[in-house]
Amino acid sequence: MVSTAALLAGCSHKSPSMLDAKGSEASRIAGIWWLMFALAIGVYVVVAGCITLSILRGRRRRAGTASRRSEGLWLWLGGLVGPVIVLLVIAVVTVQTTAALRKPGRDPLRVDVAGEDWWWRVHYTGTSIDTANEIHLPTGRPIEIRLTSDNVVHSFWVPQLAGKMDVIPGQRNTLRFTVNKPGVYRGQCAEFCGLQHANMAFWVIAESPGLFERWLTDHANPTLEPASETAAQGQVVFQRQACAGCHTIRGTTARGTRGPDLTDFGSRRSIGSGAADNTPANLRQWITDAPSIKPGVLMPPITLSGADARSIVAYLESLK
Ligand SMILES: [Cu+2]
């Protein structure tokens, strides 16, 4: 009972279901799931029916009276022919679908995504746009996510859009899909990769092609001027502190690459790949003591005066 309840809790609306497909590839995969489910029900009904029947008939007719030959025939049919047909159907459909999922689409949008410990580095191929943990994509256009890692194996999975694809060091895997409906889709690392594997979430933000193009142009030319006096002060502190050695903010002297690019940090939903909501209070705690939010995180605690912390928060939240 308890374990069933725990399993069902996994079906709550908060976690996305692969059966609630919003992309062409995910729809095909969900289709296979339903086919296998239907076949499984069929097999169950037949087997349970045979067992019931044999119990009823066995009571009436004692052993020895049934014909040996018809028994043998049923064994061949149920034990070999039936399973071979079922497995063949599944095999053909699976091979066909896998081939279709791998087929390159026309004029794809390419995005390079690297699995880091424990966050996602995002680069739009052929542009100067770098970001992290949120991937903006247009609907209706083939997408190619090119996956790499320079650390351990991760797995890129957005259940509502496509299947899982491993992110393997020394190899580039390409995941292809098309998003059919605008929306915000949650993704998650699906291969255990260390202490903070669970906090390695990301989001796909799918918009109509027009809105996406606008996003792309805006982000190719980010606003460089800090929005307020405090934010301007924050920029100075950020560049003076260790932050700039690990983080890039385009258009400034901060060019570090060990941590996520923060050029559009203010527009992100979360801090630390889903470890905390992106609010000023959480950000303040994060920049002075990130391990208290995400234990084991590769960003060290940093001692800052209250005024410095406040100005950095104002600065980072103003970067959209
Ligand atoms: Cu992981």
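Now for a quick tour of the structure. (Residues numbered from 1 in each chain as written. Predicted model: local features only at pLDDT ≥ 70, side-chain atom pairs only at ≥ 80, totals over all residues. Heavy atoms only, no water.)

So, on to the overall build of the protein. Of regular secondary structure, the protein possesses eight helices and 12 strands. Along the three orthogonal principal directions, the C-alpha set of the protein runs to about 95 × 45 × 35 Å. With 320 residues in all, the protein has 38% of them scored as buried. Long-range contacts, defined as pairs at least 24 residues apart, comprise 61% of the intrachain contacts of the protein with a sequence gap of at least 6. Carbon and sulfur atoms provide 62% of the accessible area of the protein, an area that totals close to 18000 Å². Computed over 33 positive and 24 negative side-chain charges, the inter-centroid distance for the protein is 15 Å. (Helix = DSSP H or I, 4+ residues; strand = E, 2+ residues; numbered from the N terminus. Buried < 20%, exposed > 50% of the residue type's maximum accessible area, 1.4 Å probe, protein only. Contact = heavy atoms within 4.5 Å. Areas by Shrake-Rupley, 256 points an atom, 1.4 Å probe, with all protein chains shown as cover. Lys, Arg positive; Asp, Glu negative; His and termini not counted. Charge placed at Lys NZ, Arg CZ, Asp CG, Glu CD.)

The subject of this paragraph is the sheet that holds strand β6 (residues 154-157). Strand order across the open sheet formed by five strands is β4-β10-β9-β6-β7, with mixed pairing between neighbours. The two strands at the open ends of the sheet, each matched to only one other strand, are β4 (134-138) and β7 (165-167). Ignoring strand direction, the axes of neighbouring strands in this sheet form an average angle of 25°. Pairing of strand β9 (residues 183-189) with strand β10 (residues 201-207) involves six bridges; the strand directions are antiparallel. Directly across from Gly187, in β10, lies its bridge partner Phe202. (Pairing = 2+ DSSP bridges. Axes fitted to C-alpha atoms, helices over the stretch in contact; angles between N-to-C directions.)

Moving on to the coordination of the copper ion. Looking at the copper ion, one finds its protein donor set to be Cys189 (SG), Glu191 (O), Cys193 (SG) and His197 (ND1), positioned 2.0 to 2.6 Å from the metal centre. In this structure, the copper ion is coordinated by four donor atoms arranged in tetrahedral fashion, with angles at the metal of 88 to 127°. Along the chain, the residues donating to the copper ion fall in the pattern C-x1-E-x1-C-x3-H. Judged by its relative accessible area of 15%, His197 falls in the buried class. (Donors = N, O, S within 2.8 Å, 3.2 Å for Na, K, Ca; no water. Tetrahedral: all angles 85-135°; square planar, octahedral: opposite > 155°, others 65-115°.)

Here we take up the sheet that holds strand β8 (residues 173-177). Spatial strand order, β3-β2-β1-β5-β8: five strands in an open sheet with mixed pairing. At either margin of the open sheet sits one strand with a lone partner, and together these are β3 (130-132) and β8. Recorded for the sheet is a direction-independent mean angle of 25° between the axes of neighbouring strands. Note: strand β2 (residues 119-124) against β3, three bridges, orientation antiparallel. Note that in β3 the partner of His123 across the bridge is Asp130.

Attention shifts here to the packing of aromatic side chains. Inspection of every chain in the model, using the stated rule, returns 10 aromatic pairs. Measuring from ring centre to ring centre gives 6.5 Å for Tyr124 and Phe212, while their planes differ by 40°; the resulting arrangement is tilted. Placement of the pair is Tyr124 in strand β2 and Phe212 in helix α4 (residues 209-220), with a sequence separation of 88 residues. Across the pair, exposure class does not vary: Tyr124 and Phe212 are buried alike. Members of the aromatic cluster, each reached through a chain of ring pairs, are Trp33, Trp34 and Phe37. Note that Lys164 overlies the ring of Trp157, its terminal NZ or CZ placed 4.5 Å from the centroid. (Phe/Tyr/Trp six-rings, centres within 6.5 Å; stacked < 30°, edge-to-face > 60°. Lys NZ or Arg CZ within 6 Å of the ring centre and 35° of its normal.)

What follows deals with the environment of Pro182. For Pro182, the location among the structural elements is in the loop between β8 and β9. Between the alpha carbons of Pro182 and Met36 there is a distance of 29 Å; along the sequence they are 146 residues apart. Discounting chain neighbours no more than four positions away, the residues touching Pro182 are Thr139 and Ala206.

Of all the seven residues making up β10, seven are buried; the element is thus mostly covered by neighbouring parts of the structure. Side-chain alternation along β10 places Ala201, Trp203, Ile205 and Glu207 on one buried face and Phe202, Val204 and Ala206 on a second face that is also buried. Here β4 pairs with β10 via five bridges, running parallel. Within β10, the position partnered with Ile135 by the bridge is Val204.

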